[in-house]
Each structure stands twice: as C-alpha cells, then as structure tokens.
Amino acid sequence: MQDLFADEARKPVVMATGAWLLKGFALMQDRQLLTQIEDIAKRSPFRQQVTPGGHTMSAAMTGCGVASWVTDRRGYRYDRLDPETGAPWPEMPDTFRHLAQDAAAAAGFKSFAPDVCLINRYTTGARMGLHQDKDEVDFTAPIVSVSLGAEMTFLFGGPQRRDKPTRWLLEHGDVVVWGGQSRLNFHGVAPLGKRASHPLTGPVRYNLTFRQAF
Ligand code: MD6
Ligand code: FE
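Note that this is a predicted model, so its numbers are computed, not measured.

Student: Can you walk me through the overall build of the chain in this structure?
Tutor: Counting its regular elements, the chain contains 3 helices and 13 strands. Since a compact globule built from 214 residues should have a radius of gyration of about 17 Å, the 16 Å found for the chain is in line with a globular shape. Structurally, the chain occupies a C-alpha span of about 55 × 40 × 35 Å along its principal axes. Across the 214 residues of the chain, 51% fall into the buried class. Taking the intrachain contacts of the chain between residues at least 6 apart in sequence as the baseline, contacts between residues at least 24 apart amount to 73%. Just so you have it, the chain exposes about 10700 Å², and 53% of that area is on carbon and sulfur atoms. Distance between charge centroids for the chain: 7 Å, based on 25 positive and 22 negative side chains.

So, in structure tokens, the structure goes:
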C-alpha cells in the first residue's frame, strides 16, 4: 500500500501539452546540488542584473556551462564569459547534466543535451515577471527547471501575454520539464512568501534552468 502511494506521488503531472511537473525528482541529490551551487557562486557570484529598460531584477543570478544568460542596458543574450569576472562561466557539473537529462527523458525528451544552466536565487519578496524563454537557438529542445529550498508559486500562462496563467506550487526537489507545444508559453514566479522556508536553505529558493541554448 505504501509503495503504491509512493508511485502515485511520483507520477508526472501534466501542466499543459508538453509541460510536465515531476514532483520530488531531484530530492535524492538535493544536498549535492546545493553544495555545487555554492561552489559555482564562489567563482561566478550571484548578482542582480539590470534589464534593458533599466529595472534591477529582484532575483539574483549566476550560471554554469558554456555560456549563461546575461542582461544589461544593451539587451539580453547568452554570453560565454561572465561579465563580472571576465572569465568563462564555471563548468556544468556532471550531476547537473545527468539530472537534467534523466528528467527530460522521464518526460519523453530523449536526446536533451543541455549546454547552459542558469541559476536563480530568490529571497523574500523576489519575483520574476511573465516572460518567454526565446533567446535559445532551437525551440525543439525542452527546458528543465529544478526547484530547491523555499517553496513558491509558479505562474504558467499561454502563448500570448494576455493568457491567464495557472498557478503551481513548486517545492524543494520538484522538476519541471517544458517543451513541445508550450515551449514559448509565458511564465513567471510570484513573490517569494514571507513564511516560505526550507530546512536546508532557510528563506531562500534556488532554481536551476537547463537549456540547450546553441
Ligand atoms: C524560476 N523559471 O522558476 C524561473 N523558464 O525561478 C523560469 O523562468 C523558467 O522554470 C523556462 C522554463 C522553466 C522555468
Ligand atoms: Fe523562463
């Protein structure tokens, strides 16, 4: 009975056509992932970037892999060098890559080869407005998103900005795999709640998004 229940809890949840929520998929590696985020942040520190419109983002970002996503007054782009350090971004750890590939395969995307992992850090009140992820070259590749730490509400809309988003609670260890028909859907993150917290991170949420950017 207990086993049946566990299997039930781990069934992929369909968020929309092509978008899957894998509850707890990253739980087994949670401590390792958090340690590796710390190591990456020692070399390429978290920073709050400025959008082309001059707005400072509330989520702090870093990244790893062959490039990471950068915004400044000139625009958005994937940059092979960290503009803060002038050096290449830290390499993507094998644990990261394998987790992303396993999650993609579990959602039916067999040959996902992530080359970039963007790392977001949210503290109380930090959010991310509705946006599309469209700076990548190949939209047939999915995006894999891993949530660690404090829980938050993910907003998942449609292909038009005006489409009303559905709300999804993303908790520590949850993975979202997102591709196919919903690859260009608008999405965002509601402000991290005052009481949101996790024993391993306190009132902080991390999100890893794996992309095949090139
Ligand atoms: C976040 N995530 O969860 C922000 N984008 O912190 C994203 O913007 C995102 O989770 C594309 C696909 C999955 C995501
Ligand atoms: Fe996004």
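Student: How do you make sense of the site of ligand 1 when you look at a structure like this?
Tutor: Surveying the vicinity of ligand 1 reveals 13 residues, the closest of which are Tyr122, Asp133, Ser145, His187 and Arg205. Within the contact set of ligand 1, an oxygen atom lies 2.8 Å away from a side-chain nitrogen or oxygen of Ser145. The separation between an oxygen atom of ligand 1 and a polar side-chain atom of Arg205 is 2.9 Å. Contact with the protein chains hides 98% of the accessible area of ligand 1, taken as 340 Å² for the molecule alone. For the shell around ligand 1, the elements supplying multiple residues, two or more each, are β6 (116-122), β8 (143-149), β12 (187-189) and β13 (205-211). With 3 residues, the top contributor of residues to the shell around ligand 1 is β13.

Student: Sorry, what's going on with the pairing of β6 here?
Tutor: Two faces belong to every sheet, and in a regular strand the side chains alternate between them. Burial analysis of β6 places 6 of its 7 residues in the buried class, the great majority of the element. Looking at chain direction, strand β3 (residues 60-65) and β6 are connected through 6 bridges and run antiparallel. Bridge assignment links Met61 to a residue of β6, and that residue is Asn120. Sheet analysis places β6 next to β13, joined by 7 bridges and oriented antiparallel. Across the sheet, Leu118 pairs through a bridge with Thr209, a residue of β13.

Student: Can you walk me through the sheet that holds strand β10 (residues 166-170) in this structure?
Tutor: In a beta sheet, neighbouring strands are held together by backbone hydrogen bonds and run either parallel or antiparallel to one another. With antiparallel pairing, the 4 strands of this open sheet are ordered in space as β7-β12-β9-β10. Edge positions in the sheet fall to β7 (128-131) and β10, since each has one partner strand and no second. Sheet twist, expressed as the mean angle between neighbouring strand axes with direction ignored, is 20°. Sheet topology note: the β7/β12 ladder contains 2 bridges and is antiparallel. Note on β12: the bridge partner recorded for His131 is His187.

Student: Honestly, the pattern of salt bridges in this entry has me stumped. Any pointers?
Tutor: Opposite charge on two side chains makes pairing possible when the charged atoms of those side chains draw close. Applying the stated rule across the entire model yields 11 salt bridges. For Arg183, the salt bridge is made with Glu136, and the minimal N-O distance between the two is 2.8 Å. Taken together, the residues span a long stretch of sequence, with Arg183 in the loop between β11 (175-178) and β12 and Glu136 in the loop between β7 and β8 at a distance of 47 residues. Judged on exposure class, the residue Arg183 and its partner Glu136 are both buried. In this structure, the salt-bridge partner of Glu136 is Arg211, at a minimum N-O distance of 3.1 Å. Of this pair, Glu136 sits in the loop between β7 and β8 while Arg211 sits in strand β13; the two residues are 75 residues apart in sequence, bridging distant segments of the chain. Like Arg211, Glu136 is buried.

Student: I tried to follow the sheet that holds strand β2 (residues 19-22) on my own but got confused; where do I start?
Tutor: One open sheet holds the 7 strands; their spatial order is β1-β2-β11-β8-β13-β6-β3, and the pairing between them is antiparallel. Each edge of the open sheet is held by one strand with a lone partner, namely β1 (13-16) and β3. On average, adjacent strands in this sheet sit at an angle of 20° to one another, irrespective of strand direction. Alignment of β8 against β11, held across 4 bridges, turns out to be antiparallel. Of the residues in β11, the one forming a bridge with Val144 is Val177.

Cut-offs and rules
- Residues numbered from 1 in each chain as written.
- Chains lettered and ligands numbered in written order.
- Predicted model: local features only at pLDDT ≥ 70, side-chain atom pairs only at ≥ 80, totals over all residues.
- Heavy atoms only, no water.
- Helix = DSSP H or I, 4+ residues; strand = E, 2+ residues; numbered from the N terminus.
- Rg over C-alpha atoms; globule rule 2.2 N^0.38 Å.
- Buried < 20%, exposed > 50% of the residue type's maximum accessible area, 1.4 Å probe, protein only.
- Contact = heavy atoms within 4.5 Å.
- Areas by Shrake-Rupley, 256 points an atom, 1.4 Å probe, with all protein chains shown as cover.
- Lys, Arg positive; Asp, Glu negative; His and termini not counted.
- Charge placed at Lys NZ, Arg CZ, Asp CG, Glu CD.
- Near = heavy atom within 4 Å.
- Polar contact = N/O pair within 3.5 Å; in protein donor to acceptor, adjacent residues only side chain to side chain.
- Pairing = 2+ DSSP bridges.
- Axes fitted to C-alpha atoms, helices over the stretch in contact; angles between N-to-C directions.
- Salt bridge = Lys/Arg side-chain N within 4 Å of Asp/Glu carboxyl O.

Worth remembering: the numbers are spatial, not functional.
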